[in-house]
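A closer look at the structure
Chain by chain, the residues run as shown.
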Number of protein chains: 2
Amino acid sequence: MKSSLKQIAKALNLSTAGVSKALNDYPDISLATKKIVKSYVKKVGYKANNQAAYLRTRKTRTIGVIFPEVTNHFFSEILEGIMDQAQKNNYTLIIGHSKESMDEEKRLVNQFLQQKVDGILMSLAQNTSEFSHLEDVVSNETILVLFDKIARTVNCSKVSIDDKKAGFNATEHLIKKGCSKIAHFRGDLNPQNSIDRYLGYREALSLHNINYDANKVLISRKGSVKEGYLLAKKLYESGIKIDGLFCVTDMVALGAIRFFKEQKIDIPNEICIIGFSKTMVGSFVNPSLTSIDQKAIKMGKMAMKLFISEEKMLRTENRLENQYLELKTKLIKRESTDKIL
Amino acid sequence: MKSSLKQIAKALNLSTAGVSKALNDYPDISLATKKIVKSYVKKVGYKANNQAAYLRTRKTRTIGVIFPEVTNHFFSEILEGIMDQAQKNNYTLIIGHSKESMDEEKRLVNQFLQQKVDGILMSLAQNTSEFSHLEDVVSNETILVLFDKIARTVNCSKVSIDDKKAGFNATEHLIKKGCSKIAHFRGDLNPQNSIDRYLGYREALSLHNINYDANKVLISRKGSVKEGYLLAKKLYESGIKIDGLFCVTDMVALGAIRFFKEQKIDIPNEICIIGFSKTMVGSFVNPSLTSIDQKAIKMGKMAMKLFISEEKMLRTENRLENQYLELKTKLIKRESTDKIL
DNA sequence: AAGATTAACTAAAACGATTTAGCTCCTAAA
DNA sequence: TTTAGGAGCTAAATCGTTTTAGTTAATCTT
């Protein structure tokens, strides 16, 4: 039933070495023998034992992927990008979600290192504030690629979007639509994305000579629809008047839209709203939601490509490049900012 | 830099066996020794080598998961359910997507078997019409659990919803809303879900003495928004009048809604529409979409639980149970069927 | 005090592949 | 007829664990 090279070798009157070489197309095995071995192997349904092979090759052709969460269209698309590339390049993907917890993230990293993955691709949890586990990856000679939620200070490859620029563009779009009292529902304080989008927001205001008002900046910790709703409510009830709103995620924007619609506030004519991520639901909501396309599939693809290029670099030149890729974003204009000027 | 039991043993003046036993809490190692070993191991940052361990234990504590696609909220939620249970039970997940191709599905199964996963959890591709690769899993002594898109004839554990009942309930809901000319945009001909939902549709019609009209049943192969739009258009242009529509997925329903809205047809008052899956976008679209909640997270959780129970059964009694779980669905009433009676 | 028991270890084989070094033939050149 | 060279294999070590079957020394029993 279970088959090994040894058994195949015995059946074919060969050595295990011969069988192994035949299957791996070594040049010192005759074509005739290779054919015999391969057809026999197919016939008996032999399945190679990757675990055993690893012991000598030191390669699992396995990559660990860690997401903060997985029921999120943005991360699903990144996963699709990664998976496509992985399957094309004959890599196996191991996956886990940190549920936005640094401890779980650390546990996963450790687990993956014990699985002897060739590399780890990850997006950091919100509250990841300490990076010893990332250093651990590198010091275990495992290639590390951070995507989306990255840590600038860690020495590894990274892919992200230019969040500051994107935040700038989003805000500037509102300004060009004539908004001057622009609120920002930003993300949590730690994550780099959240910081950068906020900085982009401030930069746009500053460039267009609009005074920054800290009261117009509220923090959404989880980036959920519910939070968006509650923040909108809080802002509204505080009496602060706005005519534009830039939200850190589409979900937050959807929550805000829901609240403003309940209050019979006209979007976009009274308040223009822009989200972030270009989720599918944004195109179906009424009014449809202007957003920033983060090119999620491409980000996944690029993360995997970075890994592959680093792996090659390590194999051929025994060094890493630690590249940092910044992907361009795109403003997707829809009804929620389509104000009549 | 890289550490093994052997090196640790040498450093601590123990045998590798002793170190291994200490780490695995064997009773024949003193508490004092265990403490020394564990603290040393932590100090030098030793990472166990799961691959090597497998060679003796024959357990990878790794499970392969195969989805038809992954950028789909339904599957993301199943994944979340699976992942949660996996992480809680200290299993590692390997993941792949078949992209609705049987060949890719077969390739993945084979790859996972070579990785020596303890089990495979999978949802079949649309065009999977032949199951030799599934038999292969079983004959390699690997536990197989099918979820969502299952094959009735394969001898393994399964979780799905009762699609026929769900299709029945969806259709009956329309009937109770006064609809009598009910169309059905069904899924492709092969998948069991698609067949069962269709059968449920017919059963509801029959029970309520409504004549079945084959012209009102159109096939959506991919279940996409675009297809929904085109099918609605086709039906509309064919001149067939309807007052109710049951769609195989929310996406198809969204496409249909989009078309009917363009035609200024009042939903729900002229046509009631019901989808399937309770995707998030359904709650944001206007009118919000009545749907069937498939309990995706629970399905994932149950798939993993089935695996765990089968694994235990195999370990303790050396046999499998091959259970078949059918989860209850729930009708989520929203605006698209909220007709004034 | 001698034998039995127990606590706490170790030795060594085994898992299934890969790979280096070496061994046979056989052929062709000298 | 040697012999050098190459083609096509094999032997055996090795990777890092686990686990069975001891082994040793200390303790207990009578």
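Let me sum up the structure you'll find in this document. (Residues numbered from 1 in each chain as written. Chains lettered and ligands numbered in written order. Predicted model: local features only at pLDDT ≥ 70, side-chain atom pairs only at ≥ 80, totals over all residues. Heavy atoms only, no water.)

**Points about the overall build of chain A**
What chain A contains, in helices and strands, is 13 helices and 12 strands. Taking 2.2 N^0.38 as the reference for a compact globule, 341 residues should give roughly 20 Å; the C-alpha atoms of chain A span a radius of gyration of 26 Å, well beyond that estimate. Expressed along its principal axes, the backbone C-alpha trace of chain A runs to roughly 85 × 35 × 30 Å. Buried residues in chain A amount to 54% of all 341 residues. By sequence separation, contacts in chain A at least 24 residues apart represent 71% of the contacts at least 6 residues apart. With an accessible surface of roughly 15300 Å², chain A has 49% of that area assigned to carbon and sulfur atoms. Charged side chains in chain A number 53 positive and 38 negative. The centres of these two groups are separated by 7 Å. (Helix = DSSP H or I, 4+ residues; strand = E, 2+ residues; numbered from the N terminus. Rg over C-alpha atoms; globule rule 2.2 N^0.38 Å. Buried < 20%, exposed > 50% of the residue type's maximum accessible area, 1.4 Å probe, protein only. Contact = heavy atoms within 4.5 Å. Areas by Shrake-Rupley, 256 points an atom, 1.4 Å probe, with all protein chains shown as cover. Lys, Arg positive; Asp, Glu negative; His and termini not counted. Charge placed at Lys NZ, Arg CZ, Asp CG, Glu CD.)

**Section: helix 8 (residues 163-176) of chain A**
Residues and elements named next belong to chain A. Taking 1.5 Å of rise per residue, 14 residues should cover 20 Å, and helix 8 covers 20 Å from first to last C-alpha, within 8% of that figure. For helix 8, the tally of buried residues reaches 10 of 14 residues, placing the bulk of the element in the interior. Those residues of helix 8 lying buried are Asp-163, Ala-166, Gly-167, Phe-168, Ala-170, Thr-171, Glu-172, His-173, Leu-174 and Ile-175. Where helix 8 terminates, the next one or two residues include Gly-178, which has phi positive at roughly 95°. (Expected span 1.5 Å × (residues − 1).)

**Re the protein's contact with DNA strand C**
The environment of DNA strand C is formed by 26 residues, the closest being Leu-5, Ser-20, Tyr-26 and Tyr-46 of chain A together with Ser-15 of chain B. Here the atoms of DNA strand C within 4 Å of the protein split so that 61% fall in sugar or phosphate, with bases taking the remainder. In this structure, a base nitrogen belonging to DNA strand C sits 3.2 Å away from a main-chain N or O atom of Ala-52 of chain A. Contact between DNA strand C and Lys-21 of chain B: a base oxygen at 3.1 Å from a side-chain N or O atom of the residue. Mapped by element, the contributors of at least two residues to the surface near DNA strand C are helix 2 (16-23) and helix 4 (50-57) of chain A together with helix 2 (16-23) and helix 4 (50-57) of chain B. (Near = heavy atom within 4 Å. Polar contact = N/O pair within 3.5 Å; in protein donor to acceptor, adjacent residues only side chain to side chain.)

**Examining the pattern of salt bridges**
Enumeration over the complete set of coordinates arrives at 33 salt bridges over all chains. Residue Lys-34 of chain A is joined to Asp-25 of chain A by a salt bridge in which the shortest nitrogen-to-oxygen separation is 3.8 Å. A relative accessible area of 13% means that Lys-34 of chain A is categorised as buried. Across the salt bridge formed by Asp-293 of chain B and Lys-278 of chain B, the nearest N and O atoms sit 4.0 Å from each other. (Salt bridge = Lys/Arg side-chain N within 4 Å of Asp/Glu carboxyl O.)

**Observations regarding the nonpolar core**
Among the nonpolar cores identified, the biggest contains 92 residues, and Leu-121 and Phe-147 of chain A together with Leu-121 and Phe-147 of chain B are the most heavily contacted of them. Among the nonpolar cores identified, the runner-up in size contains 54 residues, and Leu-254 of chain A together with Leu-218, Leu-235 and Leu-254 of chain B belong to it. (Core = buried A, V, L, I, M, F, W, Y, C linked by side-chain atoms within 4.5 Å.)

**Side note on the state of the cysteines**
Residue and element names in this part refer to chain B. Taken as a whole and assessed by the stated rule, the structure comprises zero disulfides over all chains. Considering cysteine sulfurs only, Cys-272 is the nearest to Cys-179, which forms no disulfide, with 3.9 Å between them. Exposure remark for Cys-179: the relative accessible area of 2% places this residue in the buried category. (Disulfide = S-S within 2.5 Å.)

**Let's talk about the packing of aromatic side chains**
Residue and element names in this part refer to chain A. As enumerated under the stated definition, the model contains 18 aromatic pairs over all chains in all. Arranged with centres 6.2 Å apart and planes meeting at 75°, the rings of Tyr-198 and Tyr-212 form a pair that is edge-to-face. You can see Tyr-198 sitting in helix 9 (residues 192-207) and its partner Tyr-212 sitting in the loop between helix 9 and strand 7 (217-219), a full 14 residues away along the chain. Consider the rings of Tyr-236 and Phe-259, whose centres lie 5.5 Å apart with planes at 70°: the pair is edge-to-face. Here Tyr-236 is found in helix 10 (residues 225-237), whereas its partner Phe-259 is found in helix 11 (residues 250-262), with 23 residues between them in sequence. (Phe/Tyr/Trp six-rings, centres within 6.5 Å; stacked < 30°, edge-to-face > 60°.)

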